[in-house]
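Single-letter residue listing:
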Amino acid sequence: MDETIQETSKICLNCKEWISSSIASYCQNCGACIKSEKQSFLDNSSTGKNNWWIWLVFTVIFIIGWQVVGSLPLVGVCWLLKIIRVAGYSCSLEKLVITGPSKAPNFLLMHTAFLIGAASFYFFLKILHNKNLLKVLTQRIRFDYKRSLFGLSIFFLFAVIPLAATLLTDSSELKLRGDIPDLLLITLIALIFVPIQAGLEEAFFRGYLLQGFSLLFKSRVLILIITSLLFAFLHLMNPEPWSYGVGTYLISVFLVGMFMGLITLIDGGIELAVGIHIANNLWVHLIVGLEGSAIPSSSLFIATNQNLDMVPTIIFSMSQYTLLTLVFAFKYKWFEKLKKYAPL
């Protein structure tokens, strides 16, 4: 049974070792729980088993389950299509992309990795950490789906306005695909699997890792930077950075990670971040896609501009994230909350 101790100094009263983080609700050395009057999203990290090696083992096993085991269905189908063509479909084992009359089979199989990843996340979180999944996702007593829906809706509103402006002024940057039957089929798949994909990434980066690093570091800014850098570098596995420019792409994804992490810390859960992530992925898959996308789809439009200029991209991203933050701040009364918030 975990022993509850009072935090009277920077030294754990259970093991007599120094506690490196004032945010932590447990001792990173012996695992004893520290009773705190202030409860926050990061305080949830104190639940369950929190030895440093458990966090490391979980991360390694989860990534293997997600990226390696999760890709086996696609690899298996690719091997079969390499031997025999079925209904006009073929697959490149080098790129692991199924091509043929429809993009739907490839789209479905690529998303099974996230389904397997989500299952491994839940299973090993319970087996290794003995943690409640809800505690990793939010500080609330239940996951607030209304928050996710609001975040999704606001993102779509912010995305529709520049799309309409582009179509009315310079539509040369967009090309209409016109493959409506395939788009409808992919839409059905996306509505099921994209929430799993977005939820898994947010649960890991803005839930598990944010809480994990809060046990090591006092500064929330440092925690945001570390998790955002990991989020950005993971996306180097995608083909987009090599097509649009590694530097600009990494900065863009890093800013996304910082924004998602910031609203998670302020709001006390990943609900808003999940909603925005779902909306972003649905937009790319179904509305405006990119050539050479990591997960090819039959989006309504495809962007013809292959260049991402760093300065305009950063300015646009920062402006968008600032407006979104202000909307959320007024909606959920963050300004009142920040008055009582601990320094970053």
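Residues numbered from 1 in each chain as written. Predicted model: local features only at pLDDT ≥ 70, side-chain atom pairs only at ≥ 80, totals over all residues. Heavy atoms only, no water.

S.K.: Provide a residue-level description of the overall build of the protein, including the pertinent values.
M.R.: Of the regular secondary structure elements, the protein holds 12 helices and 7 strands. Counting only residues that meet the buried cut, the protein has 45% of its 344 residues in that class. Look at the contacts in the protein between residues 6 or more apart in sequence, and 71% of them connect residues 24 or more apart. Total accessible area on the protein stands at roughly 17,500 Å², and carbon and sulfur atoms take up 69% of it. (Helix = DSSP H or I, 4+ residues; strand = E, 2+ residues; numbered from the N terminus. Buried < 20%, exposed > 50% of the residue type's maximum accessible area, 1.4 Å probe, protein only. Contact = heavy atoms within 4.5 Å. Areas by Shrake-Rupley, 256 points an atom, 1.4 Å probe, with all protein chains shown as cover.)

S.K.: Give a description of the pattern of salt bridges that names residues and reports values.
M.R.: What the rule picks out here adds up to 5 salt bridges. With a closest N to O distance of 2.8 Å, Asp267 and Arg147 form a salt bridge. With Asp267 in helix H9 (residues 246-267) and Arg147 in helix H5 (residues 145-169), this residue pair connects regions lying 120 residues apart in the sequence. For the pair formed by Asp267 and Arg147, the shared burial category is buried. It is possible to trace a salt-bridge network through shared partners that takes in Arg140, Asp144, Arg147, Asp267 and Glu271. (Salt bridge = Lys/Arg side-chain N within 4 Å of Asp/Glu carboxyl O.)

S.K.: Which residues make up the nonpolar core, and what values do they have?
M.R.: Within the largest apolar cluster, 53 residues are counted, with the highest numbers of intra-cluster contacts made by Phe62, Ile98, Phe121, Phe204, Tyr208 and Ile270. Elements represented by at least two residues in this core include exactly helix H1 (52-68), helix H2 (72-83), helix H3 (104-129), helix H4 (133-137), helix H6 (180-214), helix H7 (220-234), H9 and helix H10 (271-287). Looking at this core element by element, the count peaks at 15 residues for H6. Excluding residues within four positions of it along the chain, Ile270 makes contact with Phe41, Leu137, Phe143, Glu202, Ala203, Arg206, Gly207 and Thr264. Among the nonpolar cores identified, the runner-up in size contains 25 residues, and Phe158, Leu255, Val288 and Trp334 belong to it. (Core = buried A, V, L, I, M, F, W, Y, C linked by side-chain atoms within 4.5 Å.)

S.K.: Break down the environment of Thr322 for me, with residues and values.
M.R.: Its place among the elements puts Thr322 in helix H11 (residues 310-331). Its relative accessible area of 42% is what places Thr322 among the partly exposed residues. Thr322 sits 63 residues away from Phe259 along the chain, and the two C-alpha atoms are 8.9 Å apart. A distance of 2.7 Å separates the side chain of Thr322 from the backbone oxygen of Met318, its partner in a polar contact. (Polar contact = N/O pair within 3.5 Å; in protein donor to acceptor, adjacent residues only side chain to side chain.)

S.K.: Talk me through the sheet that holds strand E5 (residues 174-176); I want residue IDs and the actual numbers.
M.R.: In a beta sheet, neighbouring strands are held together by backbone hydrogen bonds and run either parallel or antiparallel to one another. Spatially, 3 strands are ordered E5-E7-E6 in an open sheet, and the strand pairing comes out mixed. The open sheet is flanked by E5 and strand E6 (288-290), the only strands paired with a single partner. Averaged over all adjacent pairs, the angle separating strand axes in this sheet is 35°, with direction ignored. Each of E6 and strand E7 (301-303) touches H10; the most contacted strand, E6, lies at about 85° to it. (Pairing = 2+ DSSP bridges. Axes fitted to C-alpha atoms, helices over the stretch in contact; angles between N-to-C directions.)

S.K.: Describe in detail the confidence of the model for the protein, supporting the description with residues and values.
M.R.: Mean pLDDT over the protein stands at 86; residues scoring 70 or higher make up 85%. Note on residues 1-9: pLDDT under 50 across the span, and 18 contacts to partners over four residues away in sequence or across chains. (pLDDT = per-residue confidence, 0-100.)

S.K.: Provide a residue-level description of the state of the cysteines, including the pertinent values.
M.R.: A disulfide bridge is the covalent bond that connects two cysteines by way of their sulfur atoms. Inspection of the entire model under this criterion finds 1 disulfide. For Cys78, the disulfide goes to Cys91, at an S-S distance of 1.8 Å. Taking the sign of the S-S torsion, 45° for the link of Cys78 and Cys91, the bridge is right-handed. With Cys78 in helix H2 and Cys91 in strand E3 (residues 90-92), this pair connects stretches of sequence that are 13 residues apart. Across the pair, Cys91 and Cys78 agree in class, each one buried. (Disulfide = S-S within 2.5 Å.)

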